[in-house]
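Residue-level structural notes
Spelled out from the first residue to the last, the chains are:
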Amino acid sequence: MSNRFDGKVVLITGAGSGLGRASALQVAKEGANLSLVDLNTDSLEETKSKVLEVAPNAEVLLITANVTDEKAVEQYVNETVKKFEKIDGFFNNAGIEGKQSLTEDFGIDEFQKVVNINLNGVFYGLKHVLKVMRKQEFGSIVNSASVGGIRGIGNQSGYAASKHGVVGLTRNSGIEYGQYGISIKAIAPGAIMTPMVEASLKQIDQENWEEVGKQFVEPNPMKRFGKPEEVGYLVAFLLSDQSRFINAVVIPIDGGQSYKY
Ligand code: NAD
């Protein structure tokens, strides 16, 4: 087993589910101590028990917080530093898809809600974690964008706007902070089978969502959904010292689909 994260501290938002949980499991297996943030306390507890199954010696701090609340973001960063004294890696990941509809029907409240979580939440995370990392003069950050942040997908005004925004923040902050030994990357996952994607397929057809899913992945060069653990492997690499010179970029993980549209 690789020990790329021995002695390292990794902070993850949206850690109660999907990509956040899979990444927590991967870095913990490789030696990391974890600070895990989510809105949902029960799902955080579940992630912690799964982490301890694969990494019994991991120290795990759980913080229930809403990433749209800047004070709460400042607090999750402070609590992490209070316990672990540093932050080596930050997976700035919490997000939602929101409802799907044509732009003219896209509710203003829905638009604001999606942008508030996916974009403002990521910005607040960057703002407060970068303060810590600049003092340390090291750190790696991975922001969760999406294929919807580098291509048009359709029916997702809020999601597309927020994820393109995450790409912009990544490029902007990456060029600002490289000089301090900090690298900032974004990932652009395609359809990865997590509770978020299941809910999205159910928006299309509650009863036959699995069939809808099969049709959905038909155009993908690999003709399948990605697996959360495949994103976990990528995030672990991008948070590790091995990827320090990769900065201000967006890395698709989508079976090649974004080059096919
Ligand atoms: P998920 O729904 O399985 O997990 C998201 C987690 O974020 C949940 O535990 C949820 O409670 C938490 N969360 C939501 N709003 C929050 C808030 N305001 N404050 C704190 N926590 C909050 O979703 P996922 O598929 O794991 O997605 C994770 C990230 O990856 C999201 O940003 C998503 O947009 C992005 N992404 C996912 C896919 C995919 O196919 N799964 C594709 C592209 C991008």
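Refer to the preceding data block for the structure.
Cut-off values and rules
Residues numbered from 1 in each chain as written. Predicted model: local features only at pLDDT ≥ 70, side-chain atom pairs only at ≥ 80, totals over all residues. Heavy atoms only, no water. Buried < 20%, exposed > 50% of the residue type's maximum accessible area, 1.4 Å probe, protein only. Helix = DSSP H or I, 4+ residues; strand = E, 2+ residues; numbered from the N terminus. Pairing = 2+ DSSP bridges. Right-handed = clockwise from strand over helix to strand, strands pointing away. Axes fitted to C-alpha atoms, helices over the stretch in contact; angles between N-to-C directions. Parallel < 35°, antiparallel > 145°, perpendicular 65-115°, else oblique. Left-handed = near helix turned anticlockwise from the far one by under 90°. Contact = heavy atoms within 4.5 Å. Nonpolar A, V, L, I, M, F, W, Y, C, P; charged D, E, K, R; others polar. Polar contact = N/O pair within 3.5 Å; in protein donor to acceptor, adjacent residues only side chain to side chain. Near = heavy atom within 4 Å. Areas by Shrake-Rupley, 256 points an atom, 1.4 Å probe, with all protein chains shown as cover. 1 Å grid on protein atoms, 1.4 Å probe; cavity = no way out; pocket = protein on both sides within 12 Å on 5 of 7 lines; lining within 4 Å. Sits in = over half its atoms within 2 Å of the grid points.

Digging into the pairing of strand β2 (residues 33–38)
- Burial analysis of β2 places six of its six residues in the buried class, the great majority of the element.
- Burial along β2 is two-sided: N33, S35 and V37 facing one way and L34, L36 and D38 facing the other are all buried.
- In this structure, strand β1 (residues 9–13) lies alongside β2, joined through five bridges in parallel fashion. From the neighbouring strand, V9 faces β2, where its bridge partner is N33.
- For the handedness criterion, the β-α-β arrangement of β1, helix α1 (residues 18–29) and β2 is classed as right-handed.
- Here β2 runs beside strand β3 (residues 60–64); their pairing, made up of five bridges, is parallel. By the bridge assignment for β3, D38 is matched with T64.
- Following the backbone out of β2, through helix α2 (residues 41–54) and into the adjacent parallel β3, one traces a crossover that is right-handed.

Focus: the packing of helix α4 (residues 108–136) against helix α5 (residues 157–177)
- Two elements in contact, α4 and α5, have axes separated by 8 Å at closest approach and are oriented at 15 degrees. Relative to α5, α4 is oriented roughly parallel. Judged by the sense of rotation from one axis to the other, the crossing of α4 with α5 is right-handed. Only S157, G158, Y159, A161, S162, K163, G165, V166, L169, S173 and Y177 of α5 make contact with α4, whose side of the interface consists of F111, V114, V115, N118, L119, V122, F123, L126, L130 and R134.
- When the residues that make up the contact of α4 with α5 are grouped by side-chain class, the tally is 13 nonpolar, six polar and two charged.

Things to note about the side chain of T80
- Position of T80 relative to the elements: it lies in helix α3 (residues 70–84).
- At 2.7 Å, the side chain of T80 forms a polar contact with the side chain of S35.
- For T80, the contacting residues outside a window of four places in its chain are V9, L11, S35, L61, I63, E85, K86 and I87.

Notes on the site of the ligand
- Close to the ligand lie 28 residues; S17, L19, D38, I192 and T194 are nearest.
- Y159 has a polar side-chain atom sitting 2.8 Å from an oxygen atom of the ligand.
- Its free accessible area being 830 Å², the ligand has 92% of it covered by the protein chains.
- At a threshold of 2 Å from the grid points, most atoms of the ligand map onto the largest pocket.
- Those elements giving two or more residues to the shell around the ligand turn out to be α1, α5 and α6 (195–204).

Describing the pairing of strand β6 (residues 182–189)
- Most of β6 is tucked away, with eight of its eight residues classed as buried.
- Both faces of β6 are covered, namely the face carrying I182, I184, A186 and A188 and the face carrying S183, K185, I187 and P189.
- Two strands pair when backbone bridges link them, and strand β5 (residues 139–144) and β6 are joined in this way by six bridges, in the parallel orientation. From the neighbouring strand, N143 faces β6, where its bridge partner is A186.
- For the crossover from β5 across α5 to β6, the handedness is right-handed.
- Pairing of β6 with strand β7 (residues 249–253) involves five bridges; the strand directions are parallel. Following the sheet pairing, A188 is matched in β7 by P252.

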